There are 2 protein chains.
Amino acid sequence: MGLGFIGQEIARAALRSEEVELIGATDFSPSLTGKKISEVLGVPAGTFKVSKDLASAVGKRRGVVLLHATGSKLPQVMDQLLEAIKLGLCVVSTCEELAFPYFRHPALADQLDAAAKKAQVTVLGTGVNPGFVLDRLVATAAQVCGPVHHVKVTRVVDARTRREALQRKVGAGLTEDEFFKLVDAEQLGHVGLAESAALCALGVGIDCDDFEEEIVPVLAEEDIPGGAFLVKAGRVAGIFQSAVGLADGQEKVRLELTIAVGAEDAADTITIDAEPKVTLVIPGGVAGDRATANVLVNAAPRVKSAEPGLLTVLELPAGR
Amino acid sequence: MGLGFIGQEIARAALRSEEVELIGATDFSPSLTGKKISEVLGVPAGTFKVSKDLASAVGKRRGVVLLHATGSKLPQVMDQLLEAIKLGLCVVSTCEELAFPYFRHPALADQLDAAAKKAQVTVLGTGVNPGFVLDRLVATAAQVCGPVHHVKVTRVVDARTRREALQRKVGAGLTEDEFFKLVDAEQLGHVGLAESAALCALGVGIDCDDFEEEIVPVLAEEDIPGGAFLVKAGRVAGIFQSAVGLADGQEKVRLELTIAVGAEDAADTITIDAEPKVTLVIPGGVAGDRATANVLVNAAPRVKSAEPGLLTVLELPAGR
């Protein structure tokens with residue numbers, strides 16, 4: 001469900017996987033519904049057409065997992081999730097707030113959990129961020145540690161390696177004023193960082209009682225070419241966001257995300273202060289869109305065989 | 001069970017964990033049985049004494065997980081595992097061959113699985129290697145990948161950072177002749193590398209039909225000081241081992257383990273050839289003994305809440 005850029009990537013990843021079969025697709029856009037799926041995806045993908053609604057996309061198939069990519073905020077997509085659950089589908093969604101819905105929407109989370117249990121299906125929000133680099137991978141790495149004192153994860157993405165829409169999404173080319181206006185209107189900024197911080201704390205066994213978030217622009221010190229457009233000196237090149245988890249006023253988890261045109265030393269770096277200390281580096285960082293699609297597709301069979309209810313990535317097994 | 005060096009580390013890790021409680025200990029050595037546990041561990045650890053047998057160490061406690069550290073090879077420890085299962089205990093063991101017993105001992109694996117299911121308990125072999133760096137972490141990292149074409153993992157350990165027993169265990173100080181005699185007698189070499197290769201392949205979704213193992217000495221090019229003893233030029237400094245998984249004669253998984261006095265650039269490095277490619281580096285590498293103890297203790301609550309039967313680390317969830 002949802003054949004935007006990421007949804008199409010997910011569909012193509014599903015076609016490449018030996019574990020799942022792509023049986024249908026649905027989107028709300030009139031420009032897509034009724035089109036042959038192969039035409040939309042640009043690759044051979046079966047004979048079905050994009051359906052207008054979920055029920056007709058699924059038909060009479062059983063054991064279906066909905067791969068869902070329509071929105072970042074849980075209230076936006078709640079009706080879609082409930083409809084899927086009612087149809088008896090498991091759900092794996094890119095919805096960032098669904099990665100840890102207890103954080104911002106505990107009542108909606110409870111509602112989803114109850115509905116999923118009643119329908120005997122399983123619902124999961126995942127992706128690369130939230131869902132992998134800043135939470136699931138951290139919890140996995142911390143398996144070799146004793147009690148964890150502090151976790152720091154930095155993710156630095158050079159937006160030039162990403163599509164233009166993402167460069168725009170992080171504010172590249174804006175003035176500082178325009179940047180903060182969009183932040184205030186909640187139209188700019190990565191959704192899900194605090195969810196990752198909460199998941200990360202839970203996954204390594206730290207009880208945080210407070211979380212703080214910050215978002216500031218990364219400004220271009222000189223003209224930055226090489227992206228979809230030139231970012232002039234003094235303009236916004238991208239975002240720097242942080243989410244911090246605290247216990248008794250003391251910082252326990254610090255996640256820092258930089259996505260900017262021209263960002264240097266792109267990498268994902270996990271540093272766990274514990275006995276023993278662990279540092280884990282992914283040079284260049286996990287590629288965003290393609291990796292997100294794979295994470296969703298690889299999770300589908302795991303979600304299908306999990307206990308019914310609302311799941312988090314911390315409960316997923318390591319293997320395919 | 002088993003209060004050798006690693007067993008004692010496990011007991012101390014259990015004391016530090018908020019998730020488990022150390023309730024008893026057993027060892028076969030007459031020099032340990034009857035001693036107070038605090039005396040054996042050198043830290044306050046409760047009032048019980050080291051028992052001569054498992055049943056009396058457990059007493060009437062229910063919901064017990066046995067942390068087991070007595071041997072590397074499955075046939076050696078089979079009776080101990082079956083006894084624990086019969087007593088209704090879940091088991092988490094350092095036994096390297098138990099990490100993927102289907103590889104070398106399919107009949108014993110089936111026997112354990114049946115016994116565990118009958119007793120409604122769960123049995124797992126884990127550690128850092130096998131159990132984490134070369135298999136579980138690889139499978140986790142590959143969640144962001146599409147179909148995996150090839151995996152290479154290298155683990156380089158400078159044995160000078162480890163205890164003397166480990167330096168001896170990898171042959172440091174021997175002549176080449178002595179080294180190969182011990183290898184032929186199966187008294188030298190890391191146990192579990194091929195098990196990791198099989199687990200790794202399974203975890204990333206590659207069907208391997210053949211596995212090859214190799215072990216050769218790392219020779220000291222000059223005198224190497226700094227270890228528990230001087231390794232003279234020309235003598236063995238440690239081991240280089242590899243395990244390769246193949247499909248239709250083509251290499252798909254390559255694990256390379258170097259443990260040598262003076263080994264340079266100690267690190268764990270995972271390289272996954274897929275779309276997207278992923279490289280993951282742990283500079284310095286995951287520390288061996290302490291980390292192994294933590295992995296076992298952190299797995300205990302997960303194993304207790306898992307389905308009955310024989311488990312592999314690929315089925316463990318990410319979080320604590």
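Residues numbered from 1 in each chain as written. Chains lettered and ligands numbered in written order. Predicted model: local features only at pLDDT ≥ 70, side-chain atom pairs only at ≥ 80, totals over all residues. Heavy atoms only, no water.

### With respect to the overall build of chain A
Convention followed: Numbering of helices and strands runs from the N terminus; a helix is a DSSP stretch of H or I covering at least four residues, while a strand is a stretch of E covering at least two. Here the radius of gyration uses the C-alpha set of atoms, whereas the globule reference equals 2.2 Å times the residue count to the power 0.38. Counted as positive: Lys and Arg. Counted as negative: Asp and Glu. His and the chain ends are not counted at all. To locate a charge, the coordinates of NZ of Lys, CZ of Arg, CG of Asp or CD of Glu are taken.
Within chain A, the regular secondary structure consists of 10 helices and 10 strands. In terms of overall dimensions, chain A is globule-like: its C-alpha atoms have a radius of gyration of 20 Å, near the 20 Å expected for 320 residues. Along the longest, intermediate and shortest principal axes, the C-alpha atoms of chain A span 55 × 45 × 35 Å. Between the mean site of the 32 positive side-chain charges and the mean site of the 42 negative ones, chain A shows a separation of 10 Å.

### Considerations on the sheet that holds strand 3 (residues 122-125) of chain A
In sheet architecture, strand pairing relies on hydrogen bonds along the backbone and comes in two forms, parallel and antiparallel. Residue and element names in this part refer to chain A. So the rule is basically this: Should DSSP find at least two bridges between two strands, the strands are regarded as paired. Here an angle of 0 to 180 degrees is reported between the N-to-C directions of two axes, which are lines fitted to C-alpha atoms, with helices fitted over the stretch in contact. Contact definition: two residues touch when any of their heavy atoms are within 4.5 Å.
Strand order in this open sheet of 4 strands is 1-2-3-10, and the pairing throughout is parallel. The sheet terminates laterally at strand 1 (65-68) and strand 10 (309-311), the two strands that pair on one side only. Neighbour to neighbour, the strand axes of the sheet diverge by 15° on average, direction disregarded. With 3 bridges joining them, strand 2 (residues 90-93) and strand 3 adopt parallel strand pairing. Note that in strand 3 the partner of Val91 across the bridge is Val123. Packing of helix 4 (residues 74-86) onto the sheet brings it into contact with strand 1, strand 2 and strand 3, and relative to strand 1 it is tilted by some 165°.

### Concerning the nonpolar core
As a reminder of what qualifies: We call a set of buried residues a nonpolar core when its members are Ala, Val, Leu, Ile, Met, Phe, Trp, Tyr or Cys and they connect through side-chain atoms within 4.5 Å of each other. Between buried and exposed lies partly exposed: a residue is buried under 20% and exposed over 50% of the maximum accessible area for its type, with that area taken using a 1.4 Å probe on protein chains only.
Core analysis: the biggest nonpolar cluster contains 110 residues, and Val148(A), Ile272(A), Leu280(A), Val148(B), Ile272(B) and Leu280(B) have the highest contact counts within it. Those residues in contact with Ile272(A) that lie beyond four places of it in its chain are Val138(A), Ala141(A), Ala142(A), Cys145(A), Val148(A), His150(A), Lys277(A) and Val278(A). Among the nonpolar cores identified, the runner-up in size contains 57 residues, and Met1(A), Val40(A), Leu296(A) and Ala300(A) belong to it.

### Observations regarding the domain arrangement of chain A
Where interface size is quoted, it is often the accessible area lost as the parts come together. Residue and element names in this part refer to chain A. Let me state the cut-off plainly: Just so you know, the domain bounds were taken from an automatic or database domain assignment. Here's the idea: put two parts together, see how much 1.4 Å probe accessible area each one loses, and the total over both is what we call buried area.
Here chain A is partitioned into domain 1 (5-127 + 291-315) and domain 2 (136-285). The C-alpha-based centres of domain 1 and domain 2 are spaced at 26 Å. In this assembly, 13 residues from domain 1 lie in contact with 14 residues from domain 2. Both sides together, the interface formed by domain 1 and domain 2 hides about 1,400 Å², and carbon and sulfur atoms give 70% of it. Of all residues in domain 1, Phe100, Phe103 and Leu314 bury the most surface against domain 2, accounting for 41% of the area lost on that side.

### Things to note about the relation of the copies chain B and chain A
The cut-off we apply is this: When the copies are superposed, the least-squares fit draws on C-alpha atoms of residues that have pLDDT of at least 70 in both.
Take chain B, turn it by 180°, move it 0.0 Å along the axis, and it overlays chain A with an RMSD of 0.0 Å. What the superposition gives is, in effect, a two-fold axis relating one chain to the other. Residues of chain B ranked by C-alpha distance from the rotation axis are headed by Pro317(B), positioned 2.2 Å from it. Most of the interface of chain B is mirrored in chain A, where 100% of its interface residues are also at the interface.

### Topic: the sheet that holds strand 10 (residues 309-311) of chain B
All names here are of chain B. Strands sit in the order 1-2-3-10 across an open sheet of 4 strands; the sheet is parallel. A strand with exactly one partner marks an edge of an open sheet, and here the two such strands are strand 1 (65-68) and strand 10. Direction aside, the axes of adjacent strands within the sheet are offset by 15° on average. When strand 3 (residues 122-125) meets strand 10, the two strands line up parallel, connected through 3 bridges. When the bridges of strand 10 are listed, Leu124 appears paired with Leu311. Taken strand by strand, helix 10 (residues 288-304) contacts strand 1, strand 2 (90-93), strand 3 and strand 10, and its axis lies near 150° from that of strand 2.

### Digging into the side chain of Asn129(B)
The topology assignment puts Asn129(B) in the loop between strand 3 and helix 6 (136-141). In this view, Asn129(B) contacts Glu96(B), Leu134(B), Arg155(B), His190(B), Leu193(B), Ser196(B) and Leu257(B); residues no more than four positions away in its chain are not counted.

### Topic: the environment of Gly234(A)
Residue and element names in this part refer to chain A. Locating Gly234 in the fold gives a position in the loop between strand 5 (210-219) and strand 6 (236-247). Along the backbone, Gly234 and Val157 are 77 residues apart, and their C-alpha atoms lie at a distance of 20 Å. When neighbours within four sequence positions are excluded, Gly234 is seen to be in contact with Leu219 and Ala220.

### Some words on the interface of chain B and chain A
What counts here: One speaks of a salt bridge when a side-chain nitrogen belonging to Lys or Arg is within 4 Å of a carboxyl oxygen belonging to Asp or Glu. What qualifies as a polar contact is a pair of N or O atoms within 3.5 Å, subject to a donor-acceptor requirement within protein and to the restriction that residues adjacent in sequence count only when both atoms come from side chains. Nonpolar residues are Ala, Val, Leu, Ile, Met, Phe, Trp, Tyr, Cys and Pro. Charged residues are Asp, Glu, Lys and Arg, and all others, Gly as well, are polar.
On the chain A side, the residues contacting the 41 residues of chain B number 41 residues. Of the roughly 3,300 Å² buried between chain B and chain A on both sides combined, carbon and sulfur atoms contribute 58%. For chain B, the biggest contributors to the area lost against chain A are Gln143(B), Ala318(B) and Arg320(B); these three give 23% of the whole. Our count for the contact surface shared by chain B and chain A stands at 2 salt bridges. Taking the shortest distance from any N to any O, the salt bridge between Arg290(A) and Glu275(B) comes out at 3.4 Å. Scanning the region where chain B abuts chain A turns up 31 residue pairs in polar contact (both at pLDDT 80 or more). When contributions to the side of chain B that touches chain A are tallied by element, the ones reaching two or more residues are helix 6, helix 9 (193-204), strand 9 (278-283) and helix 10 of chain B. In terms of residue class, the side of chain B that touches chain A is built from 25 nonpolar, 9 polar and 7 charged.

### Brief notes about the packing of aromatic side chains
Residue and element names in this part refer to chain B. Here is the rule we go by: The rule is short: rings of Phe, Tyr and Trp, with Trp giving its six-membered ring, pair when the centres are within 6.5 Å, and they are stacked under 30 degrees, edge-to-face over 60, tilted in between. Criterion for a charge above a ring: Lys NZ or Arg CZ within 6 Å of the ring centre, and within 35 degrees of the ring normal.
Tallying each qualifying case throughout the model produces 6 aromatic pairs over all chains. Ring centres of Phe103 and Phe211 lie 5.3 Å apart, and the angle between their planes is 90°; this geometry places the pair in the edge-to-face category. Here the residue Phe103 occupies a position in the loop between strand 2 and helix 5 (106-119), and Phe211 occupies one in strand 5 (residues 210-219), the gap between them amounting to 108 residues. The cationic tip of Arg168 hangs over the ring face of Phe229; the distance from NZ or CZ to the ring centre is 3.9 Å.

### Looking at unusual backbone geometry
A cis amide bond links Asn129(A) to the next residue, Pro130(A), at an omega of 5°. Checked against the element boundaries, Pro130(A) lands in the loop between strand 3 and helix 6 (136-141). Of note, Asp265(A) is a non-glycine position whose phi angle comes to about 55°, a positive value. Mapped onto the fold, Asp265(A) is located in the loop between strand 7 (250-260) and strand 8 (267-273). The residue Asp248(B) is not glycine, and still its phi comes out positive at about 50°. Its place among the elements puts Asp248(B) in the loop between strand 6 (236-247) and strand 7 (250-260). Note on Asp248(B): relative accessible area 74%, which makes it exposed.

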